[in-house]
Amino acid sequence: MNAKERYESAREIYGAIGVDTEAAMEQLRNIPISMHCWQGDDVMGFEGAQALSGGIQATGNYPGRARDPRELMSDIKKALSLIPGKHRLNLHASYAIFEEGEKVDRDQLEPKHFAKWVEFAKEMGLGLDFNPTMFSHPKAENATLSSEDPKIRKFWIDHCRACIRIGQYFAEELGTPCSLNIWIPDGFKDIPADRTSPRARLKDSLDRILDMDYRKEKVLVAVESKVFGIGMESCTVGSHEFYMNYAASRGIMCLLDSGHFHPTEVISDKISSMLLFSPQVALHVSRPVRWDSDHVVLFDDETREIAKEIVRNDPKRVLLALDFFDASINRIAAWVVGMRNMQKALLYALLMPGKSLAALQEERRFTELMMLQEELKTYPFGDVWDHFCEENQVPVKEQWFEDVKAYEQEVLSRRS
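Remember, it's a predicted structure, so these values are computed and weren't measured experimentally.

UniProt annotation of "binding site: Mn(2+)" (unreviewed entry) refers to His260, Asp292 and Asp294 when read in the numbering used here. These residues run over 35 residues, yet every pair of their C-alpha atoms falls within 9.7 Å of each other. Position of His260 among the secondary structure elements: in the loop between strand E8 (253-257) and helix H8 (271-277). Contact partners of His260, with chain neighbours within four places excluded, come to Trp183, Glu224, Ser225, Lys226, Val227 and Asp292. With respect to the helices and strands, Asp292 occurs in the loop between strand E9 (281-285) and helix H9 (301-312). Those residues within four positions of Asp292 in sequence are excluded, and the remaining contacts are Lys226, Asp257, Gly259 and His260. Within the local environment of Asp292, its side chain forms a polar contact with the side chain of Lys226, the two groups lying 2.9 Å apart.

Have a look at this one:
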C-alpha cells in the first residue's frame, strides 16, 4: 500500500467515528506556532555576551552555533523549510541588529534596531513576537522590575516600554498582532524576610509600563510566572498567583510555561480555567526534566494533553510558542523536532471525536470513555500526518534529517 492509499484508508477509518481528516488538516494549517530564535545560538544574542546569567543556562557545546544575524537567519530559514505550515518567529530584545559602530543599551532600543528582522519576516511570510530581555545584563544581577534601587527599576521599565514600541512596529509592518511577553528573574535564593515589598514594587513597575500610549489590539502584552529558578530557589517575585491576578485585573494575558511549575503540576490542566476568565492565554511549551530544564519538546503525554486543551477551547484563543534551548545536539534538528512534535500533537487532538467523547463524560459513561480514548491511540494518525507533510511540500517521516545532515556538513561545520 503506497502513501496515498494509506491516507485514504486512514480517512475512512476516522470517518467511521465522525472525524473529517481533511477538516482536521485545514485547521492545523491555520494554527501558527511561534518558533523561538534563541535555540539557534544558545540564547547569546547579538550584544557580545560571553555567558548567560539570571537563571538561564544552555548546556552543551555542539558545533555550529549561529554567531551573527546572517547565520541565525540562515539557520531559521533552513529549519522552517522542514516544518509544514506557516508560523511565527519569537525574538528577544537582545537580538537587536546595530549598524557598524552603533550600540545602545536596552532602555534605548528603537524599532530601527529590528528593521532587518522585519525584512526577514516579510521575506519568509512570518509574524513576529517579542520579549524584553531581563537577564544576562549588569543591571539584572540582583533584581529588575522589583529592585530596591529606583534607578534600576526605571532602567527596566524604560526597556519594557521600548519593547512595546518595537512590538507595535512589528504589528504595523507585518499586519498581524505582536505577542509581547514579560518575564523577570527576580527572587531570593534563601527564605526572605519580606515577600510583600518586592511584589509591590513589581506591581508598580508593571503599572508604569502599561501606562504608556500603545495600541492594545496590536501589542498583546503577557506576563510569565515561575515557581523557582537558579539563584531564586526560595521565592520568585513574579509567582503564578501574582501574575494571574495582575493579568486579570489589568486586562492583559497571563503566560503559562510548561516548565515553570512544580513537577506534579501540568499546564494542560490550567488552560481551561484560565480561558473561563480571560479571552486569551499565552503558552510557552517546553519539556522540563525534573525542573525548568527547557529540553526539546517531544510527542509525549503532556504535549498531547496541551494540544487537546488548545483544540477543545478554540486555538484562536491560545497564543502558542515554544521555548527550549539545547546546545548538546544539532540546533536546527532541535527546532524541527520540537515544532513538528507540537504540530503532531495538535493534529492528534484534531483527529479525536471531541463531541462524542465529551458526551460520554456528560452521561458518566466512563467505561466506554476510557475504552474509546485508549483505542484512539492506535488509530492511523501517522498516515494523516505524512499526508499533511506531503501536501505542505516538506519531507515525510525522518527524511528531513538528511537535509539537516547536509546543512551541517556544508554550513555548520565551517563555523569555528
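What follows concerns the pairing of strand E3 (residues 127-131). By the criterion of burial, E3 is predominantly enclosed, with 5 of the 5 residues buried. With burial as the criterion, each face of E3 is covered, one bearing Gly127, Asp129 and Asn131 and the other bearing Leu128 and Phe130. Of the pairings in the sheet, the one linking strand E2 (residues 88-92) to E3 comprises 5 bridges and is parallel in character. If you follow His92 over to E3, its bridge partner there is Asn131. Viewed along the sheet, the connection from E2 through helix H4 (residues 115-124) into E3 turns out right-handed.

What follows covers a nonpolar patch on the surface. Together, Phe228, Ile230 and Trp291 line one region of the surface with nonpolar side chains, adding up to about 240 Å² of accessible area. Along the chain, Ile230 falls in the loop between strand E6 (219-224) and strand E7 (235-236).

Examined at the domain level, the protein chain breaks down into domain 1 (1-19 + 352-410) and domain 2 (31-351). Counting from both sides, the interface comprises 22 residues of domain 1 and, opposite them, 24 residues of domain 2. Interface area, domain 1 with domain 2, both sides summed: about 2,100 Å², of which 69% is carbon and sulfur. The three residues of domain 1 that bury the most area against domain 2 are Met352, Trp385 and Tyr407, which together make up 34% of that side's buried surface. Where domain 1 packs against domain 2, one counts 0 salt bridges. Where domain 1 packs against domain 2, one counts 8 residue pairs in polar contact (both at pLDDT 80 or more). Among the secondary structure elements, those contributing two or more residues to the side of domain 1 that touches domain 2 are helix H13 (381-391) and helix H14 (400-410). No other element matches the 6 residues that H14 contributes to the side of domain 1 that touches domain 2. Residues belonging to the side of domain 1 that touches domain 2 are distributed by class as follows: 17 nonpolar, 1 polar and 4 charged.

All right, on to the environment of Met25 then. Tracing the backbone through its elements, the reader meets Met25 in helix H2 (residues 21-29). Given the relative accessible area of 0%, Met25 is considered buried. Sequence separation between Met25 and Trp385 is 360 residues; the distance between their C-alpha atoms is 8.5 Å. Beyond its immediate chain neighbours, meaning those up to four positions away, Met25 contacts Tyr7, Leu347, Val384, His387, Phe388 and Glu391.

Take the pattern of salt bridges next. Inspection of every chain in the model, using the stated rule, returns 29 salt bridges. Between Arg88 and Asp129 there is a salt bridge, with the nearest N and O atoms lying 3.0 Å from each other. Linking Arg88 in strand E2 with Asp129 in strand E3, this pair joins segments that are 41 residues apart in sequence. Accessibility expressed as a relative area gives 14% for Arg88, which makes it buried.

What follows concerns helix H7 (residues 240-250). Looking only at H7, the buried set comprises His240, Phe242, Tyr243, Tyr246 and Ala247. Buried residues along H7 cover an arc of 155° about the axis, so they all sit on one side. More than 90 degrees from the buried face of H7, the exposed residues found are Asn245 and Ala248. In this structure, the buried residues of H7 make contact with helix H6 (196-210), E6, E8 and H8. Gly251, located one to two residues past H7, shows a positive phi value of around 70°.

Criteria and thresholds
Residues numbered from 1 in each chain as written. Predicted model: local features only at pLDDT ≥ 70, side-chain atom pairs only at ≥ 80, totals over all residues. Heavy atoms only, no water. UniProt positions renumbered as here; feature names shortened; annotations may be inferred. Helix = DSSP H or I, 4+ residues; strand = E, 2+ residues; numbered from the N terminus. Contact = heavy atoms within 4.5 Å. Polar contact = N/O pair within 3.5 Å; in protein donor to acceptor, adjacent residues only side chain to side chain. Buried < 20%, exposed > 50% of the residue type's maximum accessible area, 1.4 Å probe, protein only. Pairing = 2+ DSSP bridges. Right-handed = clockwise from strand over helix to strand, strands pointing away. Patch = residues over 30% accessible without salt bridge, like charges linked within 9 Å, V, L, I, M, F, W, Y side chains within 5 Å. Areas by Shrake-Rupley, 256 points an atom, 1.4 Å probe, with all protein chains shown as cover. Salt bridge = Lys/Arg side-chain N within 4 Å of Asp/Glu carboxyl O. Domains from an automatic or database assignment. Buried area = accessible area lost by both parts, 1.4 Å probe. Nonpolar A, V, L, I, M, F, W, Y, C, P; charged D, E, K, R; others polar. Arc of directions from axis to C-beta.

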